[in-house]
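Per-entry structural report
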Amino acid sequence: MKLVITDLHVTVETEDGPKEILKGVTLTINEGETHAIMGPNGSGKSTLAYSIAGHPKYTITGGSVTLGDQDVLAMSVDERARAGLFLAMQYPVEVPGVSVSNFLRTAKTAIDGEAPKLRTWVKDVNAALQQLNLDPTFGTRNVNEGFSGGEKKRHEIAQLELLDPQVAVLDETDSGLDIDALKVVSEGVNRFRAREGKGVLLITHYTRILRYIEPDFVHVFVDGKVAESGGKELADALEANGYDKYLNPASA
Amino acid sequence: MTVTESVRSALEQDKVESHLNPVGSFDVADHPVPTGREEIWRFTPLKRLKGLHADAEFMPSATSCTWNTPAGVHIEGVSGEEARTLRGISGLVPNTRHAARILAEVPATLLIDVPADTEVSEPVVVDLHGEDVAVTEAGHVAMRFGAHSKAIVVLNHTGSSTVAAVVEIVVGDGADVTVVSIQDWADDAVHLAHHQALVGRDATYKHAAISFGGDLVRMDANVTYDGPGGSAELLGLYFADAGQHIEHRIFADHNAPHTKSNAIYKGALQGDKAHTVWVGNVLIRKVAEGIETYEENRNLVLTDGCRADSIPNLEIETGEIEGAGHASATARFDDEQLFYLQSRGISEKEAQRLVVHGFFNDLIRKVGVPSIEERLLSTVEAELAKNVLKELF
């Protein structure tokens, strides 16, 4: 399914009234494509991710988002997930008292509309955890409670593989990971990409993760919109020159 | 001089000027009828107590009382002189009128005796089922656990009663004891209870107060120590619906060195005029060096129109301690938690259900009585069905 974002405008409520963060974002992610969105802090990258997922903090003031022929903006948060969207969060939230295995089973049941077959499900969960170097006892721990930064991100990617959405939005999944964890997480994302027709929107501040997850397209995100689009060579240019050219055009 | 003697002599000199520790008396006349303005009564709607706090007649009981008797346990109702000798065995000197009246006036005592060195393999379950809410009554329970014994006692309250009760618990040196009191009353019950435990040297005591039903439930769970090294875990779980008043108070009186107390009470509230009160009193006396205490109360407010009062009181008379802390939090659903769960396809109602179960799960596990775990989980589920999950059913 194709994710199409057209002229998306988003505001957030501040003490001084509503502030526009996204100022007309247009982006199409076709089936099988991986798009990297790179940008400096405060450019609105995460706002884009959370707006697609439907976080109540953000108000859509214009534009559209469609997944296949479905109007994403008309759906509730959980409907979006069931329609095939997934957001791997930069700061996954603790849910005290709810075990990972209970959480995963509940989510899978919600997404599929029926409970997964117990035997294959347990096998699938164990395999997914193992591939991400997560201990088998991980399932008994409470969701994100006491997880290290790396465990949180690996848990997000385990969910990605198990819930099997159509389009995954990865919000700074690479932040705070050491090189080994980054490789493990990237391998998980690449396994997902290898499946038929999956779209990925990879949001990152650094070019580092693009060494492991090769994007088809790179977009530079500045001040709430796409400033420049290109192939992966654009990431190489950013690696060499940083964001100065976009932030301070006079000095470039 | 033995350590115990030195503790006793220290205690005698240890006059504490503390509102946590008013001077008690066995004489009913020393306890005026409360007006509701007293610190210890200010949250309790006295009118709904049907006189239990004052001078309601203690009528012949309309509450059936049955129990199992696992091997090694002796349980019987005793009266007369034998009952009288059990009044105050926990060191309780009443500081309320109803406690003084119960010790003085109630003719019988339910005695639960576990001899020293006895390990009771299954929980003792005492079922108290109220048959007539119009009967005002009172009861006294005495539990004696000998040195190095190990046992679990569950007091299971159901049906309709208007009852005041004093439960005294003596935990012998080195014993390992769990007392669970479940208030699963019908909607009209009124229950005013005082549980007083004396924790022996190096003993481990766990008390769990679990309140779901009743029009008004007030339970004071107090602990003192009979020597150094004792440890008390005070747990509470409550779920208040529209119009219910559920009040839990604890008092950990660290009157001996190297003792521990750890209290965790968690509650959920839903519906108009659901009211919960938690007052956590901890006193660290001068003699209580090297003690460790922590108390925590968390309330989850599920709907509008509820009120949760949460008051930790910590009085510290010596700085020579391992640690003392408290935490209190009353909040609605965390939007970020719900968003996280919903972003995984889980509906809002189902997400709320997960969060509430999660809120109570760790506590239910801490109670540590497998035979009632399942029941507590399903009671939480049933409570949720009344409100949060109404549309799902």
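Residues numbered from 1 in each chain as written. Chains lettered and ligands numbered in written order. Predicted model: local features only at pLDDT ≥ 70, side-chain atom pairs only at ≥ 80, totals over all residues. Heavy atoms only, no water.

**Quick notes on the interface of chain A and chain B**
Stated formally: Between two residues, a contact is recorded if the distance between any of their heavy atoms is within 4.5 Å. The rule for a salt bridge is simple: a side-chain nitrogen of Lys or Arg has to be within 4 Å of a carboxyl oxygen of Asp or Glu. The numbering of helices and of strands both runs from the N terminus, where a helix is a DSSP run of H or I of at least 4 residues and a strand a run of E of at least 2. Classification convention: Asp, Glu, Lys, Arg as charged; Ala, Val, Leu, Ile, Met, Phe, Trp, Tyr, Cys, Pro as nonpolar; all other residues, Gly among them, as polar.
Taken together, the 33 residues of chain A in the interface contact 20 residues of chain B. Taken together, the connections running from chain A to chain B amount to one salt bridge. Ionic pairing is found between Glu156 of chain A and Arg344 of chain B, a salt bridge with its closest N-O pair at 2.6 Å. Mapped by element, the contributors of at least two residues to the side of chain A that touches chain B are helix 1 (45–53), helix 2 (77–83), strand 6 (85–88), strand 7 (95–99), helix 3 (100–112), strand 8 (142–143) and helix 5 (149–163) of chain A. For the side of chain A that touches chain B, the element with the most residues is helix 3 of chain A, which contributes six residues. Among the residues making up the side of chain A that touches chain B, the classes are represented as 20 nonpolar, nine polar and four charged.

**Looking at the pairing of strand 2 (residues 17–29) of chain A**
Residues and elements named next belong to chain A. Convention followed: Two strands are counted as paired when DSSP detects at least two bridges linking them.
With 10 bridges joining them, strand 1 (residues 3–14) and strand 2 adopt antiparallel strand pairing. From the neighbouring strand, Val10 faces strand 2, where its bridge partner is Leu22. Adjacent in sequence and paired antiparallel, strand 1 and strand 2 are bridged by two residues.

**Quick word on the packing of aromatic side chains**
The condition is simple: Classification of ring pairs rests on two measures: the distance between centres of Phe, Tyr or Trp rings, Trp counted by its six-membered ring, which must be within 6.5 Å, and the angle between planes, read as stacked under 30 degrees, edge-to-face over 60 and tilted in between. For every residue, the accessible area obtained with a 1.4 Å probe (protein chains only) is divided by the maximum for its type, and the residue is called buried under 20%, exposed over 50%, and partly exposed between those limits.
According to the stated counting rule, one finds seven aromatic pairs over all chains in the structure shown. Between the aromatic rings of Tyr50 of chain A and Tyr58 of chain A, the centroid separation amounts to 6.5 Å while the plane-to-plane angle is 40°, which identifies the pairing as tilted. Neither Tyr50 of chain A nor Tyr58 of chain A differs from the other in exposure class; each is buried. Aromatic pair Phe138 of chain A and Phe147 of chain A: ring centres 4.6 Å apart, planes at 45°, arrangement tilted. Across the pair, Phe147 of chain A and Phe138 of chain A agree in class, each one buried. An aromatic cluster is built from Tyr50 and Tyr58 of chain A together with Phe339 of chain B, whose rings are joined through pairwise contacts.

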